[in-house]
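These are the residues of each chain, in order.
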Amino acid sequence: MARLKVIAGGQLVDPSADIDKKADLYIEKGNVSRVETKQLLTTEDLKQMEPGEFIDATGMIISPGLIDMHVHLREPGKEKLETIQTGSEAAAAGGFTTICCMPNTTPTIDNQETVKFILSRARQAPVRVYPISAITKGQKGKELAEIGEVVAAGAIALTDDGYPVQSAEMMRKAFDYARMFKIPVIEHPEDLSLSGDGVMNEGYTSMRLGMKGVPFVSEEVCVSRDLLLARYTGGRIHFAHISTAGAVELIRQAKKADVNVTAEVTPHHLSLTDDLIAEDFDPNLKMSPPLRTETDVRALIKGLLDGTLDCIASDHAPHSHESKDVEFDLAPNGVIGLETSLGVCSTYLIKEKHLKWTQLIRAMSTRPAQILSLNAGSLQEGFPADITIIDPGKEWIVNPERFLSRSRNTPYAGQTLTGKAVYTIVDGKVVYKDV
Amino acid sequence: MGLKINHLLGLENVSREDIELILNTTRSFREVIERPVKKVPPLRGVTVVNLFYEPSTRTRLSFELAEKRLSADTINFAAKGSSVAKGESLKDTVRNIEALKIDMIVMRHSSVGAPHFLTKFASSTIINAGDGAHEHPTQALLDMYSIHARYGKLDGLRIVIVGDILHSRVARSNIWGLKTMGASVAVCGPTTLLPQEVEKMGVDVYSDLDEALHGADVVNVLRLQRERQQAGLLPSLREYTTLFGLTRERLKLLNKNYTVMHPGPMNRGVEISSEVADGDSSIILEQVTNGVAVRMAVLYLLQGGEEN
Ligand SMILES: [Zn+2]
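Residues numbered from 1 in each chain as written. Chains lettered and ligands numbered in written order. Predicted model: local features only at pLDDT ≥ 70, side-chain atom pairs only at ≥ 80, totals over all residues. Heavy atoms only, no water.

Engineer: I'd love a proper account of the overall build of chain A, names of residues and values included.
Structural biologist: On a plain count of helices and strands, chain A comes out with 15 helices and 20 strands. Rg of the C-alpha trace for chain A: 21 Å, near the compact-globule value of 22 Å for 435 residues, within the 12% margin. Taken along the three principal axes of its C-alpha coordinates, chain A extends 70 × 50 × 45 Å. Sequence separation of at least 24 residues holds for 74% of the intrachain contacts in chain A that already meet a minimum separation of 6. Put simply, chain A shows about 16900 Å² of open surface, and 50% of that area lies on carbon and sulfur atoms. Here chain A holds 47 positive side-chain charges and 59 negative ones, and the gap between their average locations is 4 Å. (Helix = DSSP H or I, 4+ residues; strand = E, 2+ residues; numbered from the N terminus. Rg over C-alpha atoms; globule rule 2.2 N^0.38 Å. Contact = heavy atoms within 4.5 Å. Areas by Shrake-Rupley, 256 points an atom, 1.4 Å probe, with all protein chains shown as cover. Lys, Arg positive; Asp, Glu negative; His and termini not counted. Charge placed at Lys NZ, Arg CZ, Asp CG, Glu CD.)

Pasting the structure below:
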């Protein structure tokens, strides 16, 4: 097959270089070789190129490949729900060129062998996959994982996501130890004693429904604790899936005080609220942290706008239909997101005029690359040709039956979204196409 | 005219007309159950399943009796010791039961929204007999009927619900129903058992029982689950009784023609003193009798019956 050489006629949006203008992109040996704003190639030139060497991106946005730094791939252990291969295919279909997988697999990603296993599977995958290791052995919160070893094997960050570290002392050690390897510690901020057996946000809707609630303070107590510990140790903290207005404000203040902190937010927390649960108790609206209120959604969007929240990550969490097709409180937490993230964000954030494309792409590509020190998130000369071509006006209906993910647990089924990836390009090769 | 609702899942979104229709129909069935022959034929040929995922002898007996009085065929299904205990999902259980060709399901379940979940795939008529701490509509309807029977109205009455509001489906259904019918509702309990933002349901909120009772017509005392103390929500049952127990002393604060209610079963000497429970103004046993009539009305109307 012919190698892609040029993407012409599109709007190049590259927040890493503050570019948002019409430009052609030249690719050589899998890297960006030139960004050209003058039209060098005539229609004649293009006609002479072989099919596959050229993409006409007229009317499209050319973006650095999207990066999702918070994905659950379920392999090893629960391959029926997702595998590294199927998760990567779903990622490509969603416009992602890089994904990072969370360690709550069986066995846990907390040792060299598992990291190596994931990387070996990742070699066949259409997109780049980076493993994130547990902070503690088995995510049990008791002993540090062999952090030096997993980093040497290729893990790029640490987290006990899903099993937040409850001991402040353990978290302090994690900050101290991780500092040696210059990788971030990712926290799922939640004080489990306050969350108890809550199944949705604690507030007016949970009160009305008599549902057990997860109060917003259970997130904020943990965010406060970690910010204090990060400041004390000089550690580097990244907060996963921030969901409350109060947590945004805590992080905003900490950033002003130069604490080494970054944070992410999910598309569902930016677009959905807890009162939807009262409509028909759809277990696809059950996640951790839970969907919050309108006030929180507004604060999250504002946090994204002013950079308090650095990036958007899907927290793609596949579950079987059987496990979700039950009474709300009995269903597991989590929704998938790889194939809907971009469409949900462009529909709820850009179409609603909260964000511009350059801000969205910064949050979905440039910032996650910076947080994880990846050679990605930019289309400047010399960077890998990891590219997402987005049709910003494309309307499409979310049909879970057509997902490439092995799971279907999405709260957006049947919705019409505006904006979709039409080409996903990794290393100069088209890995997904929807034209 | 029949009911506008197809299932009775809760009272939150039930209209005043529907509630009035149920209360009026209850009145006719209340007469029926005073007759020497208490059985009437309207549900002949109709099969009702009482699907109890949570044990509740009182509610189940009341429904069962209501079904029998209407000549329905009744099957009881208790989750304990059944296929459910072996891990069968609610969906599969209900599909299996429906394959037996049944018409109505009365369900008690510990999960909020379980009866709503049923309506997504079941073809039977669903009656919620209590879902978690959410709603218990027939209990609220029988409470409302009992109050109405005493005062001839609900409009303008002041009703105080005392106790564990946080975990109470009886409280929630009562609030929705009574508010719809124009009563004024207050809730009172220890702050650890009052849900946040409960005032947004349109009720007055108190943690001082004496204040709450002042000028009220009806006091509905909820059962206190002893586990609440173990869960750290209360320092002791003794302190609860001191602060929130309904005693004869406190009755003086109510309006003259006051009424005492309790959904049962009672912890005598904890949330209510024996002399109050057995006093002249207590309608606790009347509530039980009315419960059968209300459930007959609901079953009858949901099966397509009309006011006669
Ligand atoms: Zn998490």
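More follows now that the structure is in view.
Engineer: Before we move on, could you go through the pattern of salt bridges and cite the residues and values that matter?
Structural biologist: Two side chains carrying opposite charge are able to pair once their charged atoms lie near each other. Residue and element names in this part refer to chain A. Following the criterion strictly, the structure yields 37 salt bridges over all chains and no others. The closest approach of N and O atoms between Asp226 and Arg225, which form a salt bridge, is 3.1 Å. Taking the relative accessible area as the measure of exposure, Asp226 reaches 0% and is therefore buried. A single salt-bridge network, built from bridges that share partners, covers Arg128, Asp386 and Asp427. (Salt bridge = Lys/Arg side-chain N within 4 Å of Asp/Glu carboxyl O. Buried < 20%, exposed > 50% of the residue type's maximum accessible area, 1.4 Å probe, protein only.)

Engineer: An account of the environment of Ile284 of chain B is needed here, citing residue identities and associated values.
Structural biologist: All names here are of chain B. Relative to the helices and strands, Ile284 is located in helix H12 (residues 284–302). Classification of Ile284 by relative accessible area gives buried; the value is 8%. With 16 residues separating them along the chain, Ile284 and Tyr300 place their C-alpha atoms 25 Å apart. What Ile284 contacts, discounting residues up to four positions off in sequence, is Val260, Met261, His262, Met266, Ile272 and Ala277.

Engineer: Can you lay out helix H3 (residues 90–98) of chain B for me, pointing to particular residues and giving the numbers?
Structural biologist: Residues and elements named next belong to chain B. Leu90, Lys91, Thr93, Val94, Ile97 and Glu98 are the residues of H3 that are buried. The arc enclosing the buried residues of H3, seen along the axis, measures out at 165 degrees, which places them on a common side. The secondary structure elements touched by the buried residues of H3 are strand S1 (47–52), strand S2 (73–78), strand S3 (104–109) and helix H4 (114–121). (Arc of directions from axis to C-beta.)

Engineer: So what's going on with the sheet that holds strand S5 (residues 31–36) of chain A? Which residues, and what values?
Structural biologist: Each strand in a sheet pairs with another by means of backbone hydrogen bonds, the pair being arranged parallel or else antiparallel. Residues and elements named next belong to chain A. Spatial strand order, S5-S4-S1-S6: 4 strands in an open sheet with mixed pairing. Each end of this open sheet is capped by a strand with a single partner; those strands are S5 and strand S6 (54–56). Between one strand axis and the next, the sheet turns by 15 degrees as a mean value, whatever way the strands run. Note: strand S4 (residues 24–28) against S5, 5 bridges, orientation antiparallel. Its bridge partner being in S5, Glu28 is matched across the sheet by Asn31. (Pairing = 2+ DSSP bridges. Axes fitted to C-alpha atoms, helices over the stretch in contact; angles between N-to-C directions.)

Engineer: So what's going on with the coordination of the zinc ion? Which residues, and what values?
Structural biologist: Residue and element names in this part refer to chain A. On the protein side, the zinc ion has Asp161 (OD), His188 (ND1) and His241 (NE2) as donor atoms, found 1.9 to 2.3 Å from it. In the primary sequence, the donor residues of the zinc ion line up as D-x26-H-x52-H. One end of the pair, His188, is in the loop between strand S12 (185–187) and helix H6 (192–195); the other, His241, is in the loop between strand S15 (237–239) and helix H9 (245–256), with 53 residues separating them in the sequence. For His241, a relative accessible area of 1% corresponds to the buried category. (Donors = N, O, S within 2.8 Å, 3.2 Å for Na, K, Ca; no water.)

Engineer: Break down the sheet that holds strand S4 (residues 125–131) of chain B for me, citing the residues and quoting the values.
Structural biologist: All names here are of chain B. If you walk across this open sheet you meet the 4 strands as S2-S1-S3-S4, and the pairing is parallel. Both outer strands of the open sheet, S2 and S4, are each paired with one neighbouring strand and no more. For this sheet the average axis-to-axis angle between neighbouring strands, irrespective of direction, equals 15 degrees. Judged from the 6 bridges that link them, S1 and S2 form a sheet pairing that is parallel. Among the inter-strand pairings, Asn50 is bridged to a residue of S2, identified as Asn76. The strands touched by H4 are S3 and S4; relative to S4, the strand with the most contacts, the crossing angle is about 160 degrees.

Engineer: Lay out the interface of chain B and chain A in plain terms, naming residues and giving numbers.
Structural biologist: Residue-level contacts link 22 residues of chain B with 16 residues of chain A. A buried area of about 1700 Å², summed over both sides, lies between chain B and chain A, and 56% of it is on carbon and sulfur atoms. At the junction of chain B with chain A, the criterion picks out 3 salt bridges. A salt bridge links Glu12 of chain B to Arg208 of chain A; the nearest nitrogen and oxygen atoms lie 2.3 Å apart. Where chain B packs against chain A, one counts 7 residue pairs in polar contact (both at pLDDT 80 or more). Residue assignment for the side of chain B that touches chain A shows that the elements contributing at least two residues are H3, H4 and helix H6 (169–180) of chain B. (Buried area = accessible area lost by both parts, 1.4 Å probe. Polar contact = N/O pair within 3.5 Å; in protein donor to acceptor, adjacent residues only side chain to side chain.)

Engineer: Which residues make up the packing of aromatic side chains, and what are the values?
Structural biologist: Summed over the entire model, instances satisfying the criterion amount to 5 aromatic pairs over all chains. Ring centres of Tyr177 of chain A and Phe181 of chain A lie 5.7 Å apart, and the angle between their planes is 50 degrees; this geometry places the pair in the tilted category. Looking at Tyr177 of chain A, the relative accessible area reads 34%, which means it is partly exposed. A centroid spacing of 5.3 Å and a plane angle of 70 degrees characterise the contact between Phe117 of chain B and Phe121 of chain B, whose relative ring orientation is edge-to-face. Highlighted residues: Phe117 of chain B and Phe121 of chain B, both in helix H4, separated by 4 residues, approximately one helical turn. (Phe/Tyr/Trp six-rings, centres within 6.5 Å; stacked < 30°, edge-to-face > 60°.)

Engineer: I'd love a proper account of the side chain of His109 of chain B, names of residues and values included.
Structural biologist: Considering the arrangement of structural elements, one finds His109 of chain B in strand S3. A residue is classified by how much of its surface remains accessible, and His109 of chain B, at 4% relative accessible area, is buried. For His109 of chain B, the side chain forms a polar contact with the side chain of Glu327 of chain A, separated by 2.7 Å. Reaching out from His109 of chain B, the side chain makes a polar contact with the backbone nitrogen of Ser111 of chain B at a distance of 2.9 Å. Excluding its chain neighbours within four sequence positions, the residues that come into contact with His109 of chain B are Glu327 of chain A together with Tyr53, Glu54, Leu90, Ala114, Gly130, Asp131, Gly132 and Arg169 of chain B.

Engineer: Before we move on, could you go through the side chain of Arg172 of chain B and cite the residues and values that matter?
Structural biologist: One can find Arg172 of chain B in helix H6. Within the buried set, Arg172 of chain B has no salt-bridge partner at all; the shortest N-O distance to an opposite charge, 7.2 Å, is to Asp164 of chain B. Not counting residues within four places of it along the chain, the set of residues in contact with Arg172 of chain B comprises Met207, Arg208, Leu209 and Gly210 of chain A together with Ala133, His134, Ile165, Leu166, His167, Pro195 and Met201 of chain B.

Engineer: So what about the confidence of the model for chain B? Which residues, and what values?
Structural biologist: Taken residue by residue, chain B gives an average pLDDT of 95. The fraction at 70 or more is 99%. Scored by ipTM, the complex comes to 0.92, with pTM at 0.94. (pLDDT = per-residue confidence, 0-100.)

Engineer: Can you lay out unusual backbone geometry for me, pointing to particular residues and giving the numbers?
Structural biologist: All names here are of chain A. In this chain, Glu75 is followed by Pro76 through a cis amide linkage whose omega measures 0 degrees. Within the secondary structure, Pro76 is located in the loop between strand S8 (66–71) and helix H2 (84–93). The residue after Ser288, namely Pro289, is reached through a cis peptide bond having omega -5 degrees. Relative to the elements of secondary structure, Pro289 occurs in the loop between helix H11 (277–280) and helix H12 (294–305). Positive phi, close to 70 degrees, is recorded for Arg74, a residue that is not glycine. Mapped onto the elements of the fold, Arg74 is located in the loop between S8 and H2. You can call Arg74 buried: its relative accessible area is 11%.

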